[in-house]
Amino acid sequence: QPTADLAGRHVVISAGGTREPLDPVRFLGNRSSGKQGYALARTAVARGARVTLVAANSELPDPAGADVVRVGTAVQMREAVLAAAADADAVVMAAAVADFRPAQYAEGKIKKRDGREPEPVALVRNPDILAEISADRARPGQVVVGFAAETDEVLANGRAKLARKGCDLLVVNEVGERKTFGSEENEAVVLGADGSETAVPHGPKESLADIVWDLVAPRLF
Ligand code: C5P
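Keep in mind it's a predicted model, so treat the numbers as computed, not measured.

Let's talk about the overall build of the protein
A count of helical and extended segments in the protein gives five helices and twelve strands. By the compact-globule yardstick of 17 Å for 221 residues, the protein fits well, its C-alpha radius of gyration being 18 Å. Dimensions of the protein along its principal axes, counting C-alpha atoms only, are 65 × 35 × 30 Å. Taking all 221 residues of the protein together, 43% fall into the buried category.

This is the structure we're talking about:
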């Protein structure tokens, strides 16, 4: 029986991966399954929180007891997260948000033309939701958590990203074969803006989720 240490709290969690459309049938996307974000939502419900899950393109079933807002693109995710964060005690950005989107959206399907090279796809930057939420806290003391996937220099790159984003906690996953994406399990280190460092051994995404809430709960205002 988990403790209800998030009772009376509103937490916002983003999950899944954004898709950035090129034309009516194509998009730029990523391999995020949404499993870690959904595990965060289920564990937060179990600990008594009111949960808003902003889900991008995940095929997982809605977690019981959470309000689920479905979005497609990074721009839509920003709108939904900012709206839900207005009265949130904590925001956890577990989604894989595309850093770039196609500069143009073609209203009709892009066609190949005989004998011609394809047109290059121009990209523009998406808004960085985590950095924005961290810089403009909707409430004093709102706790903001980010995720990062690193392939090398995990701790050094994680520390630099934590500072750049301005969040309170950064969950750093080492990515590689068999690790993290689509997997049932995860291994991570959680870095705190206060200098703390919490190693999370290889295990179910639910266990990592509970450790995130163990670290968030005492930081709540
Ligand atoms: O910069 P990078 O994509 O590695 O950062 C990952 C973290 O930032 C994740 O928590 C992700 O949800 C968040 N992010 C975001 N908006 C973006 C890109 C990433 O909120 N445009």
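Some thoughts on the sheet that holds strand β11 (residues 185–192)
Two orientations exist for strands paired in a sheet by backbone hydrogen bonds: parallel and antiparallel. In spatial order, the strands read β5-β4-β1-β6-β9-β10-β11-β12; together these eight strands make up an open sheet with mixed pairing. One side of each edge strand has no neighbouring strand; the edge strands of this open sheet are β5 (66–71) and β12 (197–204). Ignoring which end each strand starts from, the neighbouring axes of this sheet average 20° apart. Bridge analysis of strand β1 (residues 10–16) against strand β4 (residues 50–56) gives seven bridges, and the strand direction is parallel. Its bridge partner lying in β4, Val11 is registered against Val51. Most of the contacts of helix α1 (residues 35–46) go to β1, to which it runs at about 155°, and overall it touches β1, β4, β5, β6 (90–93), β9 (143–150) and β11. Where helix α4 (residues 154–165) meets the sheet, it contacts β9, β10 (169–174), β11 and β12, and its direction lies at approximately 55° from that of β11.

Observations concerning the UniProt feature "binding site: CTP" (unreviewed entry) in the protein
Sites flagged by UniProt as "binding site: CTP" (unreviewed entry) map to Asp99, Lys109, Pro127, Asp128, Ile129, Leu130, Phe147, Lys161 and Lys165. What stands out for the annotated residues spanning 67 residues is how far apart their C-alpha atoms range, the widest pair being 37.7 Å apart. Lining residues of the largest pocket drawn from the annotated list: Asp99, Pro127, Asp128, Ile129, Leu130, Phe147, Lys161 and Lys165. Its location among the elements puts Pro127 in the loop between β8 (123–125) and α3 (129–135). Look past the residues within four positions of Pro127 in its chain and what remains in contact with it is Val75, Arg78 and Arg101. When you line up the elements, Ile129 lands in helix α3. The class of Ile129 is buried, set by a relative accessible area of 3%. Those residues within four positions of Ile129 in sequence are excluded, and the remaining contacts are Ala74, Met77, Arg78, Val81, Met93 and Val97.

Overview of the environment of Ala217
With respect to the element layout, Ala217 can be found in the segment after α5 (205–216). When the C-alpha atoms of Ala217 and Arg9 are compared, they prove to be 9.7 Å apart, with 208 residues separating the residues in sequence. In this structure Ala217 touches Asp5 and Leu6, once residues within four positions along its chain are discounted.

Digging into the nonpolar core
One finds Ile13, Leu40, Trp213 and Val216 to be the most contacted residues of the largest nonpolar core, which totals 33 residues. Contributions of two or more residues to this core are made by β1, α1, β4, β6, β9, β10, β11 and α5. Looking at this core, the element that brings in the most residues is α5, giving six residues. Counting residues in each nonpolar core, the second largest holds 25 residues, with Ala84, Ala88, Leu130 and Leu170 among its members.

How each quantity is defined
- Residues numbered from 1 in each chain as written.
- Predicted model: local features only at pLDDT ≥ 70, side-chain atom pairs only at ≥ 80, totals over all residues.
- Heavy atoms only, no water.
- Helix = DSSP H or I, 4+ residues; strand = E, 2+ residues; numbered from the N terminus.
- Rg over C-alpha atoms; globule rule 2.2 N^0.38 Å.
- Buried < 20%, exposed > 50% of the residue type's maximum accessible area, 1.4 Å probe, protein only.
- Pairing = 2+ DSSP bridges.
- Axes fitted to C-alpha atoms, helices over the stretch in contact; angles between N-to-C directions.
- Contact = heavy atoms within 4.5 Å.
- UniProt positions renumbered as here; feature names shortened; annotations may be inferred.
- 1 Å grid on protein atoms, 1.4 Å probe; cavity = no way out; pocket = protein on both sides within 12 Å on 5 of 7 lines; lining within 4 Å.
- Core = buried A, V, L, I, M, F, W, Y, C linked by side-chain atoms within 4.5 Å.

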